[in-house]
Each structure stands twice: as structure tokens, then as C-alpha cells.
Amino acid sequence: MGSKRKTGLHGQAKGQGQEPELDLSSENCRILYVDDDPDARQAFRRLLARKGFQIETVSSGIEAIALTRTKSYAVIATDLEMPEMTGIQLIETLHRSTPSTSFVLVTGAAWLDLPTETEGARAITCVIHKPWEVEEVDDALRRGIRLHHTRTEIRSPSRRNQENTTHVLLLEDNPGDARLVQRMLSGSRASNYEVCHVERLEDGLRKLEQAEFQIILTDLSLPDARGMDGVTKLQTSCPWVPIVVMSGVGDEELAVGAVQAGAQDYLVKGTVDGASLHRALRYAIERKAAQQRLAYLAQYDQLTGLANRTTFQEHARRAVARARREPGRRPAIFVLDLDRFKSVNDTLGHDVGDKLLSIVADRLLSAIAPPDLVARLGGDEFAVLIENISNEEMIAGPAIRIMEAMRPDAIIGEHALRASTSIGIASYPDNGLTVEDLTVNADVAMYRAKKEGRNSYQFFDQAMHDKALGRLELERDLEGACARGEFVLYFQPLQHQRKRALACEALLRWQHPTKGLVEPGAFIPLLEDSGEIVEVGAWVLKQACEQVSEWQTRLGFSPRIAVNVSPRQFEDPNLVTLVTNALRNANIDPSCLELEVTESIVMRDPESAAVALKKLSDLGVRIAIDDFGTGFTQFACLVRFPITTLKIDRSVTETIGETDGNTIARTLIDMGHNLGLEIVAEGVETEIQREFLRSHSCDTIQGYLIARPMPGPECEAWMLQVSPELVAAS
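Residues numbered from 1 in each chain as written. Predicted model: local features only at pLDDT ≥ 70, side-chain atom pairs only at ≥ 80, totals over all residues. Heavy atoms only, no water.

Undergrad: What is the right way to look at the overall build of the protein in this model?
TA: Along the backbone of the protein there are 29 helices and 31 strands. Counting over 730 residues, the protein shows a buried share of 50%. Total accessible area on the protein is roughly 34600 Å²; 50% of this is exposed by carbon and sulfur atoms. (Helix = DSSP H or I, 4+ residues; strand = E, 2+ residues; numbered from the N terminus. Buried < 20%, exposed > 50% of the residue type's maximum accessible area, 1.4 Å probe, protein only. Areas by Shrake-Rupley, 256 points an atom, 1.4 Å probe, with all protein chains shown as cover.)

Undergrad: Is there a simple way to think about the sheet that holds strand S10 (residues 215-218) in this case?
TA: Pairing between the strands of a sheet is mediated by backbone hydrogen bonds and can be parallel or antiparallel. The parallel open sheet is built from five strands, whose spatial order is S9-S8-S10-S13-S14. Edge positions in the sheet fall to strand S9 (192-198) and strand S14 (265-268), since each has one partner strand and no second. Sheet twist, expressed as the mean angle between neighbouring strand axes with direction ignored, is 25°. Here three bridges tie S10 to strand S13 (residues 243-247), and the two strands are oriented parallel to one another. Bridge assignment links leucine 217 to a residue of S13, and that residue is valine 244. Sitting on the sheet, helix H7 (residues 175-186) touches strand S8 (165-171), S9, S10 and S13, and the angle it makes with S9 is about 170°. Those strands touched by helix H8 (residues 201-210) are S8, S9 and S10, and its axis lies near 150° from that of S8. (Pairing = 2+ DSSP bridges. Axes fitted to C-alpha atoms, helices over the stretch in contact; angles between N-to-C directions. Contact = heavy atoms within 4.5 Å.)

Undergrad: Would you mind going over the pattern of salt bridges with me for this structure?
TA: As enumerated under the stated definition, the model contains 36 salt bridges in all. Aspartate 477 is paired through a salt bridge with arginine 476; the nearest N and O atoms lie 3.3 Å apart. Across the pair arginine 640 and glutamate 607 runs a salt bridge, and its minimum N-O distance is 3.1 Å. With arginine 640 in the loop between helix H24 (635-638) and strand S28 (645-648) and glutamate 607 in helix H23 (residues 606-617), the pair connects residues that are 33 residues apart, well separated along the chain. Residue arginine 640 is classed as partly exposed on the basis of its relative accessible area of 39%. (Salt bridge = Lys/Arg side-chain N within 4 Å of Asp/Glu carboxyl O.)

Undergrad: What is the right way to look at the packing of aromatic side chains in this model?
TA: Aromatic ring pairs are reported here in terms of the distance separating the ring centres and the angle at which the planes meet. Across all of its chains, the model carries seven aromatic pairs by this definition. Ring geometry for tryptophan 510 and phenylalanine 523: centres 5.8 Å apart, planes at 70°, overall edge-to-face. With tryptophan 510 in strand S23 (residues 502-512) and phenylalanine 523 in helix H18 (residues 520-530), the pair connects residues that are 13 residues apart, well separated along the chain. Per residue, the accessibility class of tryptophan 510 equals that of phenylalanine 523, and both read buried. Across the ring face of tyrosine 73, the terminal group of arginine 30 is positioned such that the distance to the ring centre comes to 5.3 Å. (Phe/Tyr/Trp six-rings, centres within 6.5 Å; stacked < 30°, edge-to-face > 60°. Lys NZ or Arg CZ within 6 Å of the ring centre and 35° of its normal.)

Undergrad: It is not clear to me how the packing of helix H19 (residues 533-555) against helix H21 (residues 575-586) should be interpreted in this structure. Could you clarify?
TA: In helix packing, the relevant descriptors are the interaxial angle and the interaxial distance, both defined with respect to the helix axes. Viewed as axis vectors pointing N to C, H19 and H21 meet at an angle of 25°, and their least axial separation amounts to 9 Å. Classed by the angle they form, the pair H19 and H21 counts as roughly parallel. Two packed elements cross with a definite hand, and for H19 against H21 that hand is right-handed. Across the interface between the two elements, Ala538, Leu541, Lys542, Cys545, Glu546 and Ser549 of H19 pack against Leu578, Val579, Ala582, Leu583 and Ala586 of H21. Its residues placed into classes, the contact of H19 with H21 shows eight nonpolar, one polar and two charged. (Parallel < 35°, antiparallel > 145°, perpendicular 65-115°, else oblique. Left-handed = near helix turned anticlockwise from the far one by under 90°. Nonpolar A, V, L, I, M, F, W, Y, C, P; charged D, E, K, R; others polar.)

Undergrad: In this structure, what is going on with the nonpolar core? I would like to understand it.
TA: Considering soluble globular proteins, one finds that nonpolar side chains tend to be buried as a cluster. Ranked by internal contacts, the top residues of the largest apolar core, which has 75 residues, are Phe487, Val579, Leu593, Leu595 and Leu693. Tallying contributions element by element places H19 first for this core, with nine residues. Setting aside chain neighbours within four positions, we find phenylalanine 487 in contact with Leu478, Ala481, Cys482, Leu508, Arg509, Trp510, Phe523, Leu527, Val536 and Trp539. Ranked by size, the runner-up nonpolar core spans 33 residues in total, among them Phe334, Leu356, Leu365 and Ala419. (Core = buried A, V, L, I, M, F, W, Y, C linked by side-chain atoms within 4.5 Å.)

Undergrad: Explain helix H10 (residues 252-261) to me, please; I cannot follow it from the model alone.
TA: Residues spaced three or four apart along an α-helix point in a common direction, a consequence of the helix completing one turn every 3.6 residues. What H10 keeps buried is the set Ala255, Gly257, Ala258 and Ala261. One side of H10 holds all its buried residues, which, seen down the axis, span an arc of 160°. Turned more than 90 degrees from where H10 packs its buried face, Glu252, Glu253 and Gln260 sit exposed. On its buried side, H10 packs onto helix H9 (228-237), S13 and S14. Near the N-terminus of H10, the side chain that reaches the backbone nitrogen of glutamate 253, with its oxygen 3.1 Å away, is that of aspartate 251. One or two steps after H10, the chain reaches glycine 262, where phi turns positive at roughly 130°. (Arc of directions from axis to C-beta. Polar contact = N/O pair within 3.5 Å; in protein donor to acceptor, adjacent residues only side chain to side chain.)

Undergrad: Explain the confidence of the model for the protein here, please?
TA: Do not read the predicted coordinates in detail wherever pLDDT is low. Per-residue confidence for the protein gives a mean pLDDT of 83, with 89% of residues at or over 70. With pLDDT under 50 throughout, residues 155-163 is counted as low confidence; its partners more than four residues away or in other chains account for 14 contacts. Throughout residues 726-730 the model reports pLDDT below 50, and contacts reaching past four residues in sequence, or to other chains, amount to seven contacts. (pLDDT = per-residue confidence, 0-100.)

Undergrad: Any chance you could explain the sheet that holds strand S21 (residues 457-459) here in plain terms?
TA: Spatially, the five strands line up as an open sheet ordered S16-S17-S15-S20-S21, and their pairing is mixed. Across the chains shown, the open sheet's two edge strands, defined by having one partner strand only, are strand S16 (373-378) and S21. The sheet shows a mean angle of 20° between the axes of neighbouring strands, taken without regard to direction. In the sheet, strand S20 (residues 421-427) pairs with S21 via three bridges, with the strands oriented parallel. Within the sheet, the bridge partner assigned to glycine 424 lies in S21 and is glutamine 458. Running over the sheet, helix H14 (residues 350-367) touches strand S15 (332-338), S16 and strand S17 (381-386) and is turned about 10° from S17. Set on the sheet, helix H16 (residues 435-451) makes contact with S15, S17, S20 and S21; between it and S20 the angle comes to about 140°.

Undergrad: Can you help me understand the pairing of S8 in this one?
TA: Side chains on a regular strand alternate between the two faces of the sheet. By the criterion of burial, S8 is predominantly enclosed, with seven of the seven residues buried. In this sheet, S10 lies alongside S8 in parallel orientation, the contact comprising four bridges. In the sheet register, valine 168 faces S10, and the bridge partner there is isoleucine 215.

Undergrad: Quick question: what am I supposed to make of the packing of H7 against helix H11 (residues 274-299) here?
TA: Running from N to C, H7 and H11 cross one another at 85°; their axes reach a closest spacing of 8 Å. By the angle between their directions, the pair H7 and H11 is classed as roughly perpendicular. Counted together, Val181, Met184 and Leu185 of H7 and Gly274, Leu277 and Leu281 of H11 form the full contact between these two elements. Residue composition of the contact of H7 with H11, by class: five nonpolar, one polar and no charged.

So this is what it looks like as C-alpha cells:
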């Protein structure tokens, strides 16, 4: 498509007939101008404002795409050369979502040769050359507005319903056949047909650019197209419009070829009457609509309108294949997951969650420009395909834009929600040679970003891969570990500072059949994620109570035993029943059992926590707040909880000996004593820490300085050695 100065709308001359006056103040005459040059934007705005146009300007295609999601424009004028997205790319993107909008291309080139096979070039209404002339701009925009109004009117459901009009584009070079088709359609009682007749394919393609048609009826033999060539070009130009071929040749293979080229039906001239023609057109329209709906469902996410997993993988495979052919290309895959999205669904409901996902999709589209692709993989997981990068700094650019786009709160009704995301990045060929490998590795990096504090991005490396494989192996081996008897309890003694009372904490260990003893930090988070922690926690509670009963029977005294309650266990409605049954079956006094819940658990929902703790306390068990000093608990809240013990976190104990650390530890001890609570310091490993805690009246200490966690028989021997008088007294 060549263009010189004074190019009018599709080559039409000015002044051919009187055109109605436009109300430029109405919203359906609004114009958007896109240009990265601030001087050009200002000049364009001033020019149009003097002429009475409603004009908005933006500096990039990304901003334009974001605006069109909330506003409609009669005309979008765009500069051709822009850094992030060319004018052609912008028009191609917007034409799909706003087909009634007129597009004007602005360029400083004296001559412009545009490839007509591109969708963006075909969608251009006209071209304006810089430096522009006032009358040229005024004429182009007014024509663009009128074309927009024409398209909108044709698209209007109210008009279609009112007139029951089906707009038919008829391509037929035989005048007699054309009159016959028009006569048959005009006689239809079931539908009102409006036929636009052209004799050449070139004219038909031009009409498809100017107006909207519900169906195309074409002969196979036209002056400028023979056989399937015309069908293919019509299908390529407007793939959403159904095509019916009407030919004088009754050949089965020809009919099949037409359908394969994109036609919905093949009719033979001389065998069709008005009723059968109407039926064929109606069925073709319905079949095309069904095909488009199925194609959309197969390729796009219904909620957000983004590409789905299948479409994303197809695009990514093409990008990787292109990179194999062109060694300089390096595509990259981002996997994104919303931070704390589950809590939104759980607390505010799925309707709010769906609205948040839609907002996130819009923000991702505003941050990522074509040809790069944004997709929703499922749930709150999204993906981005970056077609080509040259270095890590270039990869970081889109990640930073995404996080910036997510920064403002998402306002949904009365809720202001944070929409931050964790991003994992894997690039070809360094992090994988296939789409599957790149996606998996980006997913691994995304989980690292979550672990590192969320709202960040991480590049994949091999160490992540090895760690992820190890995690997968542990997850697999954990299945059924409890039933196979692979879990064991270790016990870590506690030492009271002023008296010889005995107590210990029950700690879960996993005796892996090949890896040996696995530390809890490696597998307990996996149990939490899978939900198996509830079953395993019930086993720990039962075993701990039975151990106390065994010591009581054999040694004649009952040491107090502390058992950790995980977040999922604490939310389990059967927790009180489990504790009751464990105490009853072991036949031990409830005061021998202390349940430890972390500070973060009780402060997540203090009202519900107070109710749950009251039910447990009513059983007669002791309640301890574990990891105290790591959160933001208000001491006033502690008064509401029926707790007996505060366990100062090891992170506080580690700072004893430093000025600030001493102050914090002393304050926690004093405040706890003022509330009548027993104070336990965890992580005591030095004499300096023990002496400080003793001198400030900390009741009990726990840590490697006293004893390491040990199996039941060793713990029993330790107690006998440390406190033989308790055994004698019993």
C-alpha cells in the first residue's frame, strides 16, 4: 500500500456529496493521538482544540492500549516510529478489540510503502504526513469519525434487532446472477437482507475495510481472482465473517476445497431458490459463530480474555523454534503468581477474587507490549513470553514494569486490595531448551521469589533446580510416611531456673528409609502445604501423651510435655476432640500437656483465636505462645488469651549481650511476669545468655546449652541424671 501526501480516506476524493455536520463535542467523536514526541503531541492537541475536536494524547502504545480498555475513541491517530511499539503494531493490536475505530497513521516520511498483507496496514483509514497541513488533518479526522459512526451503526444490536437486517457482501461479476441473488434475498420473509454488490475481489476487500458485513457470498470465478485464491484472501482479510461460495460448477472436490479454504458452504447455481439460499446463509452465520466461540474457548481465558495455557505454549514453541533458527534470538518466559491471593478468596469471596484477577490481567497488558504475550495459566498464575532479549538487564525491564503496574491498590467495591506478584524468569537457552523446561524452571524461580519475601522477581539458576528436585522427591516420599511408621518423636528438655521441675518439648523427626534422619525444616513446610500436617499432628499429640503415661508408670513422675500446634491444626474444628481423646486414652492429667501456638497464628484473627484457646484451656491443658517477640502482638491482646506461658523466640535470645538485645529481652520478661505468665527463653547456647536470663528472673530456659533434642530413652536417662530426687520422692 503506497502513500503520498494528501492521501484521503481509501483514496476517496473530497467534496463528493454533502455530508451531515458532526457534533464534535459528543463522546462518539473523541480522538486519541499517540506520539512519543512531546512537541508533536502539544502541537496536535492545540490544532484540534482550535477546530473543536475532543482530543486526548499519550506518549506510547502501551498507554493507548490501557486507555482503550476504559474509553472508546472514534479515531486513533498514531505516529509510525515509536520506541516500544510502532504505529503499525499498535493499530494491529487495537483493531482486533475496537474494529469500529478509524485509524490514522502519522509519519514524517514523504513516501510510505506499507505491506497490504499485514492486518495493521489493512486497518489504516488514511495516512497523514508531517509537517501536516490544517485542512488535511481536519478532513482526515472528520472522515474517520464518519466512518466510525457508520461502522458503529451497522454493529448496533438495537438497529439490527429493530430492522432484522443481515448485511451481505456479494462478489459476482455476472450481472444476471447478481440480480437473481438480490431478487431471491429480497423476497425472503424470514430476514431483511441488505446486499452490497461488487464485481471484483479488490473492491470486496475494500468494502470489508469500510463497513461491517454478517456474511460474504462469492463466486469462485472473478476478474481478479480464480478458484480458491479469492476465498483464501477473503478469509484472511476478515476471518470472523462467514463465507458461502456460489459457483456454476457442481464438483464435489471443488466444494470440499472451498470449505477447507474457509468457506462455510458451497452452493451450485441453478439448484438454489430463495428459501434454500436464506437457509444456507443463516446456517453459515450460525456455524461460523459456533466455530468462533469454540476457537475462543480453546485459546483464551474466559475470565480475563488473556491467552490460555495452550495458546501460550504454542506461541512459546514458535519463539523457541525461531531462536533455534536464529542463534542471536533469546526468548524468555516469566511465571507470575499473585501474593496472598488465597486469603482474598477465603475472606472476601470468589467474586472479589475474580475481579482482582481481571484487574491484574489489565495491568499486565499495560506493562507488556506486543509481540510479547501475556497469558493466564490457571488460578492466580500468569505467564509472559518475551520474544527476544539480549541480556539480564533487558529481561529485568518487563519485570520491573509489571511490579510498577501492580503497585497501586486495586479498588473493588469498598475494598482496597494489594495486587503484588512474585515473578520467576527463565531464558532460552541458558535455563532450558524446551518450552516445558523453561516453564518449569521459571516456576521454580517464582517460588524462590515468594520465599525471599514476595513482590520481587528471581532469575532461575541450577541450584534452584537441584533444590526443587529435592523438594519434589521429599514430597513424593512423604506420602504415606506416617502410615509406614517413619516418623519418630525426639524430646528436648527444659530447665527451670529456680526449681527442679522437669519438662520437655516433643519434636517431630522423619526417619527416611534411605536419607536417614530428616530435619523438620526440610519436611514440615511440605506437610503444611499438602494439608497432611493435620494427620501427622494428631499422631504427634497421641504419641506425646502416651510417652508421658509411660514415664509416669515406669518412673513414678509425670514431666510436663509441650506439643506444637501448626496453623492448619489450629484451624481444624476437631482439635479439641483430638486433644480430649489423646488425654483420655493415655490416662494422664491435662496439666501435663502444654500446647504451643505461635504468635503469628493467634494474631492472624485474635477474636477467633481467643475462642479456640478458651476451649482448649477449659480442658485443663496449659497454653503457650511460641516464637514470642517476632511479631507485633500487643500486650493488651494477651490478656484476652487464656495462656500460661510465653516462649521468647531464639532470635531475641541471640541478641543478649548487645545493648538493644538486653533491653528487648528484659522488657519481654518483665511484661510477661506482670501478666502472671511463666517465661521460657528458647535457643540458649551460651553461659552469658543463661546468666543474663537467670539474673532477670526468666523462669525456664531451653537450648543446646541445656540439652539437644534426643529420643525418648535418652531423654529419660537425662531426667534421671539431672533430677534423681524427683524419682526418689515419688
